[in-house]
Amino acid sequence: MRRAYGLGLRLGVAAGKVSLWRSSRWRAPAWTLLGEAAYVPDDSLHGDFAALGQTLAQLLPEGQYAGWPLSVVLDDGLARLWHVDMPQGAARLADIEAAAALRFQSLYGDPPGVWHSSSAWDARAPFFCAVPRALLAQLTRVAVARKLALIFITPQFARHWNRWHGALKPGAWFGQLQENTLTLGVRHDGRLRAVRALPVPAGAGHGWLEQTLMREALLQGVPAPALLQLCGAPPALWLAPAQAFHCQLFATPDGEGACSPAGRLARSGGVA
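Computed from a predicted structure; not experimentally measured.

Notes on helix α5 (residues 206-220)
Its 15 residues place the ends of α5 21 Å apart at the C-alpha level, agreeing with the 21 Å of an ideal helix rising 1.5 Å per residue. Along α5, the positions that sit buried rather than exposed are H206, L209, T212, L213, E216 and A217. The buried residues of α5 occupy one face: seen down the axis, they fall within an arc of 135 degrees. Those residues of α5 that are exposed and aimed more than 90 degrees away from the buried face are Q211, L218 and L219. Tucked inside the fold, the buried residues of α5 contact β9 (173-178), β10 (181-188), β11 (191-199), β12 (227-231) and β13 (246-249). Downstream of α5 by one or two residues, G221 has phi in the positive range, about 70 degrees.

Structure representation (structure tokens):
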């Protein structure tokens, strides 16, 4: 299929389902669903993701999108996200990598060799994410076989953080609500201090949210925020006006609420 200028492919990968979209920077509609498919997920993140690779090969017919750019957004449950407090005076790449590896091992206990980690590798903003190498291998294999230009593979939180962190107000924390998981970007003095994924109980209201943020602030040794700026579709009660604390929603693209979870992954952060 011939590609018009500004068109690309966006793939959302959830545990058990994938969603493929065509994105358009300049012409409406901005998003067009090309297909969705279920697959049998591996029992653990240490599997070979062969079922995912087979499903993607079926979803992307051979020769149909040759030369198209492909971007992939992963469910955060398929990745590892963590923050590292750097040793005093650490500035060299080797120092940062060593500190990140030690922190990863202490948090997850997984052998680092089966994971591919990435970051800005900047001691001033030590935020890291890691993706199973087997998952990356399957995505890369399909992209090469279908002659696609692989632009990025990123967890949803990293995608949203990169899109919105510059718009955060002073003292605000960043949040992402995906299904029943709230992922917090804890900030202090304008810097990211921690990334925390928390289950949201059924019926959680404004009081639960405020108490949760206060507890996380105590755990991290920082002041509780007066504002949470959030991606996702929170309960209406979270957005109710309040004096001490309030929640503000980043703009949600039209039609995103009707998408499947995998579809919302694909559209994370907009077409840019």
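Anyway, onward from the coordinates.
Overview of the sheet that holds β9
What the 5 strands build is an open sheet, ordered β11-β10-β9-β12-β13; its pairing is mixed. Looking at strand neighbours, the two that pair on one side only are β11 and β13, the edges of this open sheet. Going across the sheet, the axis of each strand differs from the next one's by a mean of 25 degrees, ignoring polarity. Sheet topology note: the β9/β10 ladder contains 5 bridges and is antiparallel. Note on β10: the bridge partner recorded for L177 is L182. Seen against the sheet, helix α4 (residues 156-164) touches β9, β10, β11 and β12 and runs at an angle of roughly 140 degrees to β9.

Points about the nonpolar core
Within the largest apolar cluster, 36 residues are counted, with the highest numbers of intra-cluster contacts made by L9, L11, V13, V18, L52, L135 and L148. Listed by contribution, the elements that provide at least two residues to this core are β1 (7-14), β2 (17-24), α1 (50-59), β4 (69-74), α2 (93-108), β7 (127-132) and α3 (133-145). Here this core takes 5 residues from α3, the largest share from any one element. Core analysis: the next-biggest nonpolar cluster, separate from the first, contains 18 residues, A204, L228, L230 and F245 among them.

Some details on the side chain of Q178
Relative to the helices and strands, Q178 resides in strand β9. When sequence neighbours within four positions are dropped, the list of residues in contact with Q178 reads Q156, P261, R264 and L265.

Digging into the packing of aromatic side chains
Within this structure, the stated rule accounts for 7 aromatic pairs. Through successive ring pairs, a cluster of aromatic residues spans F157, W161, W164, F174 and F250. The ring of W164 carries R163 above its face, with NZ or CZ at 4.0 Å from the centroid. One residue, R267, lies across the ring of W21, its end atom 5.1 Å from the ring centre.

Conventions we followed
- Residues numbered from 1 in each chain as written.
- Predicted model: local features only at pLDDT ≥ 70, side-chain atom pairs only at ≥ 80, totals over all residues.
- Heavy atoms only, no water.
- Helix = DSSP H or I, 4+ residues; strand = E, 2+ residues; numbered from the N terminus.
- Expected span 1.5 Å × (residues − 1).
- Buried < 20%, exposed > 50% of the residue type's maximum accessible area, 1.4 Å probe, protein only.
- Arc of directions from axis to C-beta.
- Contact = heavy atoms within 4.5 Å.
- Pairing = 2+ DSSP bridges.
- Axes fitted to C-alpha atoms, helices over the stretch in contact; angles between N-to-C directions.
- Core = buried A, V, L, I, M, F, W, Y, C linked by side-chain atoms within 4.5 Å.
- Phe/Tyr/Trp six-rings, centres within 6.5 Å; stacked < 30°, edge-to-face > 60°.
- Lys NZ or Arg CZ within 6 Å of the ring centre and 35° of its normal.

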